[in-house]
Structures are given as C-alpha cells and as structure tokens.
Amino acid sequence: VPQRILFGELNLEDLLRLAKPLEKVKPLGIYPGSERDWTITVKESIPYAEIIDLIRGQKCPILDEAALKYIFKSEKLPKGFHNMTLHFVYRDPGKTVEQEVVEAEHKKLTEAVSHKLGNGVMI
C-alpha cells in the first residue's frame, strides 16, 4: 500500500488458514545408531512413497530413520527399471544396539519389503 495506514482490520480465521503446521521434533538419541544402505532395482512405476510405507509398515522396533539416498538410471538396467538406494538408521532408545541385532532386523526388513513388492523388484 503506497500511503500510510491509520486503521486496519484482520480476520483471524483467514490468517489461521494460511498458518503452516508446527513441525514436531523428537529428542536426539543418547545411544549410538547403526547405519545401513540398501540398493534395490525397482520398476520406475513404483513410487518412493510406496516403498517407504512398506518399510514403516514392518514396525521394526529399532528402525529410527529411513530415507532415500539416491536414484540411479542406466542403460545397463532393464527397460523400465532403476536402482533406488535407501539409507537406514537403526537405534535402540534404551541401550546400545548390537551389530548382530541390527543385521538380523535389516535382513528381515529388506526381505519383507522385497517380497511385498513382488515382481516390481529385481533381486
């Protein structure tokens, strides 16, 4: 507004509709985590969100975080497929997690997700 404003009226309902939701944060873990990467060859038609939903649906008790690291496309891969690398952080909030436990949980999780993806994944 080019001139000086002496009076204004604001509608709080309109302003609240524009407000962004607050981001929730969780406290940092006090015990060390263990990280793993998993690269799978999947159909390009399978969205990342579907894979993450399958991972979270496994209810792994020590899985702290799962995220996409990168997607790789190559002429060497079959047509309609690409490599997707996922990054996992495993952490037990109450103690230091043993490597054998991490390996067992990671294997169980990746096998279950591969099985649920069916013919959408190449092993």
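Details of the structure are given in the entry above.
S.K.: Please set out the overall build of the protein residue by residue, giving values where relevant.
M.R.: The helix and strand tally for the protein stands at 3 helices and 4 strands. Starting at the N terminus and ending at the C terminus, the protein contains elements arranged as α-β-α-β-β-α-β. Compactness check: the protein gives a C-alpha radius of gyration of 22 Å against a globular reference of 14 Å for 123 residues, more than 25% above the reference. In terms of its C-alpha atoms, the protein occupies a principal-axis envelope of roughly 70 × 45 × 20 Å. The buried share of the protein, reckoned over its 123 residues, is 31%. A sequence separation of at least 24 residues applies to 75% of the contacts in the protein between residues at least 6 apart. About 9,700 Å² of surface is accessible on the protein, with carbon and sulfur atoms providing 56% of the total.

S.K.: Please provide a residue-by-residue account of the packing of helix α2 (residues 48–57) against helix α3 (residues 99–117), values included.
M.R.: Put simply, α2 and α3 touch, their axes get as near as 9 Å, and they point 130° apart. As the angle between them shows, α2 and α3 are arranged oblique. The interaxial crossing formed by α2 with α3 has right-handed handedness. Counting all contacts with α2, which are made through Glu-50, Ile-51, Leu-54 and Ile-55, the residues of α3 involved are Leu-109, Val-113, Lys-116 and Leu-117. Among the residues forming the contact of α2 with α3, the class breakdown is 6 nonpolar, no polar and 2 charged.

S.K.: Pulling in residues and values, what's your account of the side chain of Asp-92?
M.R.: Position of Asp-92 among the secondary structure elements: in the loop between β3 (81–90) and α3. This buried residue, Asp-92, is left without a salt bridge; Lys-95 holds the nearest opposite charge, at 4.1 Å. In terms of polar contacts, Asp-92 uses its side chain to reach the backbone amide nitrogen of Gly-94, at 2.9 Å. Apart from the residues lying within four places of it in its own chain, the contact partners of Asp-92 are Tyr-31, Ile-62 and Val-97.

S.K.: A description of the nonpolar core should follow, citing residues and the corresponding values.
M.R.: Formed by 21 residues in total, the largest nonpolar core has its most connected members in Ile-40, Ile-51, Ile-55, Phe-88 and Leu-117. Counting only elements with at least two residues in this core, the list comes to β1 (34–43), α2, β3 and α3.

S.K.: Break down the packing of aromatic side chains for me, citing the residues and quoting the values.
M.R.: All chains considered together, the criterion is met by 2 aromatic pairs. Geometrically, the ring pair formed by Trp-38 and Phe-88 is tilted, given 6.4 Å between the ring centres and 45° between the ring planes. Highlighted residues: Trp-38 in strand β1 and Phe-88 in strand β3, separated in sequence by 50 residues. The pair Trp-38 / Phe-88 is uniform in exposure class, with both members buried. The interplanar angle of 20° and the centroid separation of 6.1 Å between the aromatic rings of Phe-88 and Tyr-90 together place this pair among those described as stacked. The exposure class of Tyr-90 is buried, given its relative accessible area of 0%. A connected cluster of aromatic rings, assembled from ring pairs, spans Trp-38, Phe-88 and Tyr-90.

Rules used in this analysis
- Residues numbered from 1 in each chain as written.
- Predicted model: local features only at pLDDT ≥ 70, side-chain atom pairs only at ≥ 80, totals over all residues.
- Heavy atoms only, no water.
- Helix = DSSP H or I, 4+ residues; strand = E, 2+ residues; numbered from the N terminus.
- Rg over C-alpha atoms; globule rule 2.2 N^0.38 Å.
- Buried < 20%, exposed > 50% of the residue type's maximum accessible area, 1.4 Å probe, protein only.
- Contact = heavy atoms within 4.5 Å.
- Areas by Shrake-Rupley, 256 points an atom, 1.4 Å probe, with all protein chains shown as cover.
- Axes fitted to C-alpha atoms, helices over the stretch in contact; angles between N-to-C directions.
- Parallel < 35°, antiparallel > 145°, perpendicular 65-115°, else oblique.
- Left-handed = near helix turned anticlockwise from the far one by under 90°.
- Nonpolar A, V, L, I, M, F, W, Y, C, P; charged D, E, K, R; others polar.
- Lys, Arg positive; Asp, Glu negative; His and termini not counted.
- Salt bridge = Lys/Arg side-chain N within 4 Å of Asp/Glu carboxyl O.
- Polar contact = N/O pair within 3.5 Å; in protein donor to acceptor, adjacent residues only side chain to side chain.
- Core = buried A, V, L, I, M, F, W, Y, C linked by side-chain atoms within 4.5 Å.
- Phe/Tyr/Trp six-rings, centres within 6.5 Å; stacked < 30°, edge-to-face > 60°.

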